[in-house]
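Spelled out, the chains give:
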Amino acid sequence: MLHKDRVKELEVRSARLQGYISSSEKQQQLYKRTLMVVVISQIFGGAGLAAGITVGALLAQQMLGTDAFAGLPSGLFTLGSAGAALIVGRLSQRFGRRSGLAAGFLAGGIGAIGVVISALANSILLLFISLLIYGAGSATNLQARYAGTDLVNSTQRAKAISMAMVSTTFGAVAGPNLVDVMGEFAISMGIPALAGPFILAAAAYILAGLVLLILLLPDPFIVAKAISDAQRTTSNSLLEENSNLLSINRRGIFAGASVMVLTQFVMTAIMTMTPIHMGHHGHGLNEVGLVIGFHIGAMFLPSLVTGFLVDKIGRAVMAIASAITLLASGILAAMGPADSIVVLITALALLGLGWNFGLISGTAILVDATPPSTRAKTQGSVDVLIALSGALGGGLSGMVVAHSSYATLSIAGAVLSLLLIPFVFWAGINHSKV
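Procedures and definitions
Residues numbered from 1 in each chain as written. Predicted model: local features only at pLDDT ≥ 70, side-chain atom pairs only at ≥ 80, totals over all residues. Heavy atoms only, no water. Helix = DSSP H or I, 4+ residues; strand = E, 2+ residues; numbered from the N terminus. Buried < 20%, exposed > 50% of the residue type's maximum accessible area, 1.4 Å probe, protein only. Contact = heavy atoms within 4.5 Å. Areas by Shrake-Rupley, 256 points an atom, 1.4 Å probe, with all protein chains shown as cover. Core = buried A, V, L, I, M, F, W, Y, C linked by side-chain atoms within 4.5 Å. Salt bridge = Lys/Arg side-chain N within 4 Å of Asp/Glu carboxyl O. Polar contact = N/O pair within 3.5 Å; in protein donor to acceptor, adjacent residues only side chain to side chain. pLDDT = per-residue confidence, 0-100. Patch = residues over 30% accessible without salt bridge, like charges linked within 9 Å, V, L, I, M, F, W, Y side chains within 5 Å. Phe/Tyr/Trp six-rings, centres within 6.5 Å; stacked < 30°, edge-to-face > 60°. Lys NZ or Arg CZ within 6 Å of the ring centre and 35° of its normal.

**Points about the overall build of the chain**
Here's step 1: Across its full length, the chain carries 20 helices and zero strands.
Here's step 2: A total of 434 residues make up the chain; the buried ones form 56% of that total.
Here's step 3: Long-range contacts, defined as pairs at least 24 residues apart, comprise 86% of the intrachain contacts of the chain with a sequence gap of at least 6.
Here's step 4: Element-wise, carbon and sulfur atoms account for 68% of the exposed surface of the chain, whose accessible area totals about 17,000 Å².

**Points about the nonpolar core**
Here's step 1: Residues Leu59, Leu131, Tyr134, Phe198, Phe300 and Trp355 are the most contacted members of the largest nonpolar core, which totals 84 residues.
Here's step 2: If we skip the residues at most four places from it in the chain, Phe300 touches Leu49, Met165, Val166, Thr168, Thr169, Ala172, Trp355 and Asn356.
Here's step 3: Leu17, Leu30, Val152 and Val223 belong to the second largest nonpolar core, which has 13 residues in total.

**Topic: the side chain of Asn356**
Here's step 1: Residue placement: Asn356 occurs in helix H17 (residues 341-368).
Here's step 2: Beyond its immediate sequence surroundings of up to four residues, Asn356 is in contact with Met165, Ala298, Met299, Phe300, Pro302, Ser303 and Thr306.

**Focus: the pattern of salt bridges**
Here's step 1: Overall, the coordinates contain six salt bridges when judged by the stated rule.
Here's step 2: As a salt-bridge pair, Asp150 and Arg97 come within 2.9 Å of each other at their nearest N and O atoms. Of the two residues, Asp150 is situated in the loop between helix H5 (124-147) and helix H6 (157-166) and Arg97 in helix H4 (residues 97-121); the sequence distance between them amounts to 53 residues. Pair check on accessibility: Asp150 and Arg97 agree, each one buried.
Here's step 3: Here Asp311 ties to Lys159 by a salt bridge, and the two come within 3.4 Å at their closest N and O atoms. Here the residue Asp311 occupies a position in helix H15 (residues 303-313), and Lys159 occupies one in helix H6, the gap between them amounting to 152 residues.
Here's step 4: Classification of Asp311 by relative accessible area gives buried; the value is 10%.
Here's step 5: Overall, Lys159 belongs to the partly exposed group, its relative accessible area being 33%.
Here's step 6: A single salt-bridge network, built from bridges that share partners, covers Arg157, Lys159, Asp311, Arg315 and Asp368.

**What to know about the side chain of Thr149**
Here's step 1: Secondary-structure assignment places Thr149 in the loop between H5 and H6.
Here's step 2: With relative accessibility at 0%, the residue Thr149 sits in the buried group.
Here's step 3: A distance of 2.7 Å separates a polar side-chain atom of Thr149 from the backbone oxygen of Tyr146.

**Thoughts on the confidence of the model for the chain**
Here's step 1: Of the residues in the chain, 88% have a pLDDT of 70 or more, and the chain-wide mean is 84.
Here's step 2: Of all secondary-structure elements in the chain, the lowest mean pLDDT belongs to helix H11 (residues 236-241), at 44, while helix H16 (residues 315-335) reaches the highest, 95.
Here's step 3: Within the model, the stretch residues 235-246 combines pLDDT values under 50 with twelve contacts to residues more than four positions away or in other chains.

**With respect to the environment of Ile411**
Here's step 1: When you line up the elements, Ile411 lands in helix H19 (residues 406-417).
Here's step 2: For the pair Ile411 and Ala334, spaced 77 residues apart in the sequence, the C-alpha separation amounts to 6.2 Å.
Here's step 3: The contact partners of Ile411, leaving out residues within four places of it in the chain, are Gly330, Ile331, Ala334 and Met335.

**Structural notes on a nonpolar patch on the surface**
Here's step 1: Taken together, the side chains of Leu79, Ile110, Leu125, Ile129, Leu132, Ile133, Leu385 and Leu388 present a nonpolar region at the surface, about 700 Å² in accessible area.
Here's step 2: Going through the elements one at a time, H5 and helix H18 (375-403) are the ones with two or more residues in the nonpolar patch.
Here's step 3: Residue contributions to the nonpolar patch peak at four residues, all from H5.

**What to know about the environment of Ala298**
Here's step 1: Residue placement: Ala298 occurs in helix H14 (residues 285-300).
Here's step 2: For the pair formed by Ala298 and Leu350, sequence separation is 52 residues and the distance between their alpha carbons is 7.2 Å.
Here's step 3: Setting aside residues no more than four positions away along its own chain, Ala298 makes contact with Ala349, Gly352, Leu353 and Asn356.

**Re the packing of aromatic side chains**
For any pair of aromatic rings, the description consists of the separation of the ring centres together with the inter-plane angle of the planes.
Here's step 1: Summed over the entire model, instances satisfying the criterion amount to five aromatic pairs.
Here's step 2: On the numbers, 5.3 Å between centres and 65° between planes, the contact of Tyr134 with Phe198 is edge-to-face. One end of the pair, Tyr134, is in helix H5; the other, Phe198, is in helix H9 (residues 196-215), with 64 residues separating them in the sequence.
Here's step 3: You can call Tyr134 buried: its relative accessible area is 1%.
Here's step 4: Measuring from ring centre to ring centre gives 5.4 Å for Phe300 and Trp355, while their planes differ by 70°; the resulting arrangement is edge-to-face. Of the two residues, Phe300 sits in helix H14 while Trp355 sits in helix H17, which places them 55 residues apart along the sequence.
Here's step 5: We classify Phe300 as buried; its relative accessible area is 3%.
Here's step 6: Here Trp355 falls in the buried class, since its relative accessible area comes to 2%.
Here's step 7: A cation sits over an aromatic face here: Lys26 above Tyr20, 4.6 Å from the ring centre.

Spelled out as structure tokens, the structure:
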């Protein structure tokens, strides 16, 4: 009886997939529905992401009693996001975006709850373990950008990526500006104030996961794989016609990964130590929240325009624009007066914008270079490298500042960002398509 039910279920599923394979109109409808669901989940996901960025370093500084390891929270949750990126990518490849993304967000929510408990118990070990798990939400927040690309062609991919990313802005900007409110809420419950934003993060990540789990049906990645398989088996001529979709461009994968890894390293290193730098120059939590809010807004809000530019003027041009913007950010952060909130907002906004240019152009290059048969797995593997570079940048940043200065860190990041330019020219990425 169970076997017959399973066979019937598979037959129904196959019939549904066939409907999408044979109808471009249904594919377009599913694409729009997928974007709507991803947008809703990303609003919550952005709020969850903001907690660790805004107060993670300050919480570690308070619990450890030293600045030297204040970069560890960023390093730990980005290290945790590396492992989560691999798992989410593998789950998505095997079971679809719905399963992979929902699992990642729910794990991030559990990690945020662990951070709150660690602050309450004053347990450094539990804090570090919880931050690793919390990183799953960060990895998933980034991987959600791929969901919008499954059912579009190369001329629309960057715009699809940007639609998924821009929705993160609403939660990500609101999160840092709720630091004081959540701190007061935490105190009213007998929890340390700096753990308050992680209460918000826990609720936000869990809601994001539930939205995807309940609403992301049919799964866009499963439909995209079915369409690709149908194209592959229809005829030899059709296979030749679509050979660019079915082959792996290894140089493109390397180029896309390099752009995203380098921008993540520079952005994370400078961003991680900015709250500590501001604290040393008399800025309060409200001002820290304002600066980080502008930074996160610049990371995501320009995405709609960035996606259009990446598709219109090319992946390479926007990757080079990323390098130039990061260079300007590092120089301004290093040379500007530390007591000027305007200078700090401008520097961190440029930092976020440079990251935005690099992530969207690099993601578009990567998606162009991979066929559906290996796409989610490859995306997950590349996101591991992105997360590891963030972990390294966050971990090293505290040590650089402790042994030198914030200015040294910022200048180093500015110079390092220029490596993007030779990478792009070496790979020969000079058109909108790889």
